[in-house]
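For reference, the chains in residue letters:
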Amino acid sequence: MSHDAPPRRRGYLYFPGCSLKATGVAYEESLQELFRLLEISLEELEDWNCCGATAYMSIDEGAAFLLSARNLSLARRTGFRDLLAPCSACYLALKKTQDYVQRHPTVREEITGSLRRAGLEELDSIRVRHPLEVLYHDVGLERLRERVVRRWRGGPLACYYGCQAVRPYDEVDVPYNPTRMDELLEAVGVPTVDFALKTKCCGGSLTGTIHEVGLRLNYILLKEAARKGAEAIVTICPLCQFNLDAYQAEIRRSAREPVDLPILYFTQVLGWALGGEFKALGLHRAISGGPFLKRWFTARAEVETYV
Amino acid sequence: MLELIRRKMKFQREADPNWAVELGKRPGCERIFACIQCGTCSGTCPLSIYMDFTPRKIIALVREGFRNDALSSQTIWLCASCYSCAVHCPQNVRITEVMYVLKREAIKHHLYPKRFPIPVLAQEFYEMVRRRGRNSEFWLVLRMALKTSPLSLLRLARPGWELIRTGRLSLRRERVRRGFELERELASTREVI
Amino acid sequence: MEVRGENGKDQEIRIGVYVCHCGTNIAGTIDVARLAAFAARLPGVVVARDYKYMCSDPGQELIRQDIVEHRLNRLVVAACSPNLHEATFRHAAAKGGMNPFLYQMVNIREHDAWVHPDRRAATEKAEDLLRAAVRRVRLHRPLQLRSVPIHPDVLVVGGGIAGIHAALTVANAGKRVYLVEREPTIGGHMAMFDKTFPTLDCAACILTPKMTAVKAHPNITLWTMSEVVAVDGFVGNYRVTVRHKPRYVIEELCVGCMECIDACVFKQGKAPDEFNLGLSKRKPIYLPFPQAVPQVVVIDPETCIEFKTGKCKKTCIEACGERNAIDLHQPERFDTIEVGTIILATGFETFDARRVPYYGYGVYPNVYTSLEVERLVNASGPTAGEVILRDGRKPQTVGIVHCVGSRDEHTNRYCSRVCCMYSLKLAHLIKEKTHAEVYNFYIDMRTPGKAFEEFYNRVAEEGVHFVRGKVADIYPADGDGRLTVQVEDTLLGAVRKIPVDMVVLSVGLEGRHDASDVRRLFRISCSEEGFFLERHPKLAPVSTFTDGIFLAGCCQGPKDIPDTVAQAGAAAAEALALIDNGRIELEPNTAYIVEEYCSGCGVCVSLCPYQAISLSAETRKSQINEVLCKGCGTCVAACPSGSARQNLFEDDEIFEELEAVLAPC
């Protein structure tokens, strides 16, 4: 097994995950556009495989770790120091695999053996990161502030963090009271509301399996955001975005409540403030909240120095 | 009314304390015996109000070895793995991991209702990734709906149409190029004890 | 064969070996007769016996007689652990006229008979151990117990109920006590309480007589606004430097008439009142609470205009008039005192509820800590004893949350012992005053003391709701200004959402945040949880590993008032026992330096946990203060030149033992 580390590469290695190529494609588009505007290079991990999300862990723990192990092993070959996983489930799967391999000798043994059998190198200590904290730490609020070219004229937005990115690992943000997304948005001039339900689960895949239960969880989130006066909800997870976005028509019918909130990715909001175009940011892919998006996002780009 | 009256006694012959001890050895489940039954997990779980046994009760059942009760519960399937319980627990019991172990055991022993969507979805997901290395959301949902309740496809029609309209529905069947690597890796996996 | 005698001249070694049966504890496994016979054959052994109970009077008498009759000059007893009876047999040796340190004890019970079931193997092991001891004891040298005198004065640090009770007890025994308290008044946390459990005695009513007794007692020197800044010396002979912070009022002249407070240019208080935990405001010149002892006003330089700008009318000085008790230029003073013993009674701090943000403290106005509620229900508190919320409403539903900052891996793992009882007390008081619906949310109800369970019954019968579940979340209820408490009622088996007007967080007790600095000052230790460490949790709860320093009250661990007073009495008794004795004997198992070999490298100096070693300026060699040395052996092990050695653990003694066990021939 070769232990020679390949030469270090600048920029970030990017792990899209299955969702960002399908229902979450707007997340990929806006992430790439945002990084392009920030002049940071982003390279997709070649031949990545599915992370297994919660499904694999529910059936076969060893297989679940192995899926992530292959990804981490492939990542090692590239020479990047950081692996960016925007989807919360992918982020958690990769991080958990690294954690368990480190802490549980039985897991480590199993993984190393299986990797060897597949002709793959052992796991590296590549850092698994989430774009939220990469933007917060590596880019920083100041740098974002400097690059703003558009001034937000809309109302406040509600930042929704969801579960698996902020729990149980606390590197992305503080589990009980995350604020980094709010801070990023405020840095580019977008006000946020105090959204108390920002870490309450959207139900994940439950909207697809036990629909009524899943629907209600999303209804609660949408209602609270509207009650707080938010004009949109900003998310970091493609499944949260989908759940909140796709069922608003049904919620309007069953709860008899006029809800039509756009559900945005934080990369879309930041990208827009930094001058990204509507389509390049995937904003045309929104299901709900069309009127709002048309109003605030397609105004002619104003080139203004943000003071 | 009389037919509703049932005797509900729990005998020790139903309990399997060894199972509890074995479970406690799995990675992530180490602290189930430290649980003080405070109920914070159930109080903070967004799905506990829908469950037949709250998360706290599941830990209590597991500790006492009431395997069948724990594995046949709705709880383990309603768990969304949001980790609220694990983060709040004052004894650092990783309840979410316990739920995963119970899911795996239930699937192994086929202890869930036929056509129950959640294990079916998990299994379809599992198969798809095992064969192709990636999952294709459209095909996954389709297969799951057909295997559990085809009528649900009607309900999914509207969101499905919206996804098509916005270009978020991909009909491509994703696949990894070097699938043999995965195959060899997964060839001999077993439950990590 | 090296021989050393008592009088320094070479002597024939005459060893007496005694093997104890300890009933069947040892004899049941080890063949004691054979062991004694084996011992008799060892070189130097003159007498070898086995006996049923060596520690008994006849057993000891046996030793004494043999020493005299057979002119023994070394003693080996194979029995139980030295922790139990080393002292007993040293005493027996001394009675026979032998230096008690020419004796070695062999543990063939805890180290052998109790852990090895195989008779043959156990006996063989006992033979090895005995042989090792016999060879070692030849090399023992006679040592003397050192004794130092004990200064009769006592220092008590901390003026809460623990310090007050300890000070009074010692003072009543006729000794002089210095009571040093850093706040402007004594009374501690107990002065803040309204009623105390389980009797519902008014805290001030039972405390203030003791406070005034302290002030009036001729043997007590009360120093408030004071802190200990340096401690030198050792047991019986401590030199303590105390710093007196200026209160800008001359204590001897002020009569506590409080006219200066009325006259202050501030018409209303602007600074948060510390005693009321910020629930009310005070002026820069104030009396902490009406029954403060000493009854002397204090000026806060941080908020007084004269101190900040120099431009004040100083109406306070005017109001004081002829008494002229205000001195705005009062300097800080230092005093150095000599005491023999020190009692630490520095108390506790409450857990900071902001560390559990999901309970809403500091976020929602109507979330209080239990200590804040104590001030609310107190008649001399910010709301004159009425339970009124920050927005002026009277609560109709109140939720009391137990275990905030206790029994939690994320905050403090331990149970804070008093919270269940005070939560019940607050439930009772709140219900009495407001007739509100009161809910206590608990994990377990801990009411172990005298009349505690009856108190629980009483509160339950008064109609307080008990919900067994740790509160998961607190958030605003729909728009009506109330808060929702979300909790699993584990007894009912359902998750409940209960809207309340007021939330009371029963915060746990923690050690003072500066405990680790204070403990370094006194050269004691802190436990993992941040409380001062006692010498033994069961058998020596008030002493520390530093002789002469005792602990009382919550600084040693969370406890209620009855236990605090008991512990304060215990600490006072231990201090008095030392003082009464007049002298203290110190174990001679201390380290010493052989100067010829010392290179002055100073490694030992920084390693000593008791700061007993110093580098002499003149000789440039290390010196060990025998009185501070506890014989831990760190310096001995670390010394690169082998010049640091230890009595009773000399290299040659240890090597003899090793050889005897490993290579007897």
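These figures come from a predicted structure and were not determined experimentally.

A short note on the overall build of chain A
- What chain A contains, in helices and strands, is 14 helices and seven strands.
- In summary, chain A has a C-alpha radius of gyration of 20 Å against a globular reference of 19 Å for 307 residues, a match within 12%.
- Taking the principal axes of its C-alpha atoms as reference, chain A extends roughly 55 × 45 × 30 Å.
- Counting across all 307 residues of chain A, residues that qualify as buried make up 65%.
- Counting only contacts in chain A whose residues sit at least 6 apart along the sequence, the fraction spanning at least 24 positions is 78%.

Describing the interface of chain C and chain B
- At the junction of the two partners, chain C supplies 16 residues and chain B supplies 20 residues.
- Both faces combined, the contact of chain C with chain B buries some 1400 Å², and carbon together with sulfur accounts for 48% of it.
- Its largest share of buried area at the contact with chain B, chain C owes to C:Glu409, C:His410 and C:Glu488, together 34% of the area lost on that side.
- Where chain C packs against chain B, one counts two salt bridges.
- The partner of B:Arg31 in a salt bridge is C:Glu409, with the nearest N and O atoms 3.1 Å apart.
- Applying the counting rule to chain C against chain B returns eleven residue pairs in polar contact (both at pLDDT 80 or more).
- Top contributing element to the side of chain C that touches chain B by residue count: strand 25 (residues 483–489) of chain C, with three residues.
- For the side of chain C that touches chain B, the class distribution of residues is five nonpolar, five polar and six charged.

Topic: the environment of A:Thr23
- Within the fold, A:Thr23 resides in the loop between strand 1 (12–14) and helix 1 (25–37).
- With 60 residues separating them along the chain, A:Thr23 and A:Leu83 place their C-alpha atoms 22 Å apart.
- In this structure the side chain of A:Thr23 is engaged in a polar contact, spanning 2.8 Å, whose partner is the side chain of B:Glu137.

Looking at the interface of chain A and chain B
- Chain A puts 70 residues into the contact, and the matching count from chain B is 62 residues.
- Summing both partners gives a buried area of about 6000 Å² for chain A against chain B, and 59% of it is carried by carbon and sulfur.
- There are seven salt bridges connecting chain A and chain B.
- Looking at the side of chain A that touches chain B, the elements that each hand over two or more residues are helix 2 (53–59), helix 3 (61–78), helix 4 (88–103), helix 5 (105–117), helix 9 (206–209), helix 10 (211–227), helix 11 (238–246) and helix 12 (248–255) of chain A.
- Ranked by residues supplied to the side of chain A that touches chain B, first place goes to helix 3 of chain A with nine residues.
- Class assignment for the residues of the side of chain A that touches chain B results in 36 nonpolar, 19 polar and 15 charged.

Observations regarding the confidence of the model for chain A
- Across chain A, the average pLDDT comes to 90, with 95% of residues at or above 70.
- Counted against residues more than four places away or in other chains, residues 301–307 of chain A, with its pLDDT under 50, gives 13 contacts.

Looking at the sheet that holds strand 23 (residues 465–468) of chain C
Residues and elements named next belong to chain C.
- Spatially, five strands are ordered 20-27-21-22-23 in an open sheet, and the strand pairing comes out parallel. One side of each edge strand has no neighbouring strand; the edge strands of this open sheet are strand 20 (367–369) and strand 23. Shown here is a sheet whose adjacent strand axes are inclined to one another by a mean of 20 degrees, direction ignored.
- With three bridges connecting them, strand 20 and strand 27 (residues 502–507) associate as parallel partners. Bridging from a neighbouring strand, Tyr368 pairs with Val504 of strand 27.
- This element, helix 11 (residues 370–377), spans strand 20 and strand 27 of the sheet and lies at about 90 degrees to strand 20.

Parameters at a glance
- Residues numbered from 1 in each chain as written.
- Chains lettered and ligands numbered in written order.
- Predicted model: local features only at pLDDT ≥ 70, side-chain atom pairs only at ≥ 80, totals over all residues.
- Heavy atoms only, no water.
- Helix = DSSP H or I, 4+ residues; strand = E, 2+ residues; numbered from the N terminus.
- Rg over C-alpha atoms; globule rule 2.2 N^0.38 Å.
- Buried < 20%, exposed > 50% of the residue type's maximum accessible area, 1.4 Å probe, protein only.
- Contact = heavy atoms within 4.5 Å.
- Buried area = accessible area lost by both parts, 1.4 Å probe.
- Salt bridge = Lys/Arg side-chain N within 4 Å of Asp/Glu carboxyl O.
- Polar contact = N/O pair within 3.5 Å; in protein donor to acceptor, adjacent residues only side chain to side chain.
- Nonpolar A, V, L, I, M, F, W, Y, C, P; charged D, E, K, R; others polar.
- pLDDT = per-residue confidence, 0-100.
- Pairing = 2+ DSSP bridges.
- Axes fitted to C-alpha atoms, helices over the stretch in contact; angles between N-to-C directions.

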